[in-house]
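# Chains, contacts and geometry: an overview
Each chain, written out:
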Amino acid sequence: MSAEPDYLPADALAEEEPKYLRRQKPVEVRKRKFSRKAWPLYRRVLVGGIVALSAGWLLYQAGHYFLYSPSVMLEREEQIETIGNRFATRDAIVEKFSADMGRSVVRVPLEERRKMLESLPWVERAGVQRVLPNRLRLEITERTPVAFLRGANDLALVDVYGVILERPSEGEFRFPVVSGLSESMPQETRQQRMKLFTQFMKEIELASPGSDDHISEVDLSDAADVRATLSGLGAAPGNSSPILVHFGDSDFSNRYRLLSENLDQWRASSGRVDSVDLRFARQVVVNPEEKTVAGNLPEAAQESVARRGTIAHKRH
């Protein structure tokens, strides 16, 4: 057995060397920095940048114009237009914008000024609009008075919500007078009393059209008893003397109808009628206030006044 040689020829070793161990010659790849396919993207970026810069410049110029340009400044009261105000004075309205004079109309806080306008007694609702470049338009909805209010020294006006209004120097009003309300009362209480008053006036008008012409004053001091002073009611001659009537707090239509249909009969029976109480379910008390007077009279006079002051009428 022959021994294998301890070495191999160099050529044989070269043929057995794995090919992956051989270093490959790198291939140089050249890239174009500005290829034709990339040009649309570059154009879009360039155009977008120009548009953004232009828009920013325009916004800056517009903001500077509307904030600082003399042509948008609120300088004079004549630049404030008021619509719808008749009794709310223009001076009182424009005074709410005194802090905005010398400023751009864009910087006027519209919502805040609207609330300030609605704080004026005669203003129920208000709208405030900018009219560029340098004007304001105010749309005023005034309150509607429904009665005169008897005060300590003079008559004021009052609306259905119980808001007390100062009587304007101009304007004619034809309302009944209400009493029993004051500014010291909570607004909610005044509103409830005026709601009772408007319901009373509505119902008696439904009972007899034109009946509100007979109402001269309504006392609302007692929420459970509407006390109205009427004049000129009844068909009999000489019926112009006023009558105080207690209507309670409901069923005004039927109670007024009962009064108008029977007043002449009560006058014929009692000689005169100064007051009537309609609050009871099955009877009407004529001249109820004279009962109190009778308590301070001699006994014989009490009987005479009592007979005259407590005439009862059965209600059907």
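Moving on, we come to the overall build of the protein. A tally of regular secondary structure across the protein gives 8 helices and 15 strands. Counting only residues that meet the buried cut, the protein has 31% of its 316 residues in that class. At a minimum sequence separation of 6, the contacts of the protein that also span at least 24 residues come to 50%. Summing over all exposed atoms, the protein offers an accessible surface of approximately 21000 Å²; the carbon and sulfur share of this is 53%.

So, on to the pairing of strand S14 (residues 283–286). Looking at chain direction, strand S13 (residues 275–277) and S14 are connected through 2 bridges and run antiparallel. Looking at S14, one finds that Asp277 is bridged to Val285.

The strand order across the open sheet built from 3 strands is S2-S5-S4, with neighbouring strands paired in mixed fashion. A strand with exactly one partner marks an edge of an open sheet, and here the two such strands are strand S2 (80–83) and strand S4 (123–131). Between one strand and the next, the sheet's axes are offset by a mean angle of 20°, whatever the strand orientation. Two elements, S4 and strand S5 (residues 135–142), share 8 bridges in a ladder whose sense is antiparallel. Bridged to Val131 within S5 is Arg135. Packing of helix H4 (residues 110–118) onto the sheet brings it into contact with S4 and S5, and relative to S4 it is tilted by some 150°.

Attention shifts here to the pattern of salt bridges. With the rule as written, the count across this model stands at 16 salt bridges. A salt bridge links Asp219 to Arg227, with the nearest nitrogen and oxygen atoms 3.3 Å apart. Several salt bridges share partner residues, and in doing so they unite Asp100, Arg103, Glu112 and Arg113 into one network.

Before going further, it helps to spend a moment on unusual backbone geometry. Following Leu132, the chain continues to Pro133 via a peptide bond in cis, the omega torsion being 15°. With respect to the helices and strands, the residue Pro133 is situated in the loop between S4 and S5. The backbone of Asp251 sits at a positive phi, close to 55°, despite the residue not being glycine. Within the secondary structure layout, Asp251 lies in the loop between strand S12 (243–246) and helix H6 (252–270). A positive phi angle is found at Asn287, which is not glycine, with a value near 50°. Turning to its location among the elements, Asn287 is positioned in the loop between S14 and helix H7 (289–294). The exposure class of Asn287 is buried, given its relative accessible area of 0%.

Scoring rules and cut-offs
- Residues numbered from 1 in each chain as written.
- Predicted model: local features only at pLDDT ≥ 70, side-chain atom pairs only at ≥ 80, totals over all residues.
- Heavy atoms only, no water.
- Helix = DSSP H or I, 4+ residues; strand = E, 2+ residues; numbered from the N terminus.
- Buried < 20%, exposed > 50% of the residue type's maximum accessible area, 1.4 Å probe, protein only.
- Contact = heavy atoms within 4.5 Å.
- Areas by Shrake-Rupley, 256 points an atom, 1.4 Å probe, with all protein chains shown as cover.
- Pairing = 2+ DSSP bridges.
- Axes fitted to C-alpha atoms, helices over the stretch in contact; angles between N-to-C directions.
- Salt bridge = Lys/Arg side-chain N within 4 Å of Asp/Glu carboxyl O.

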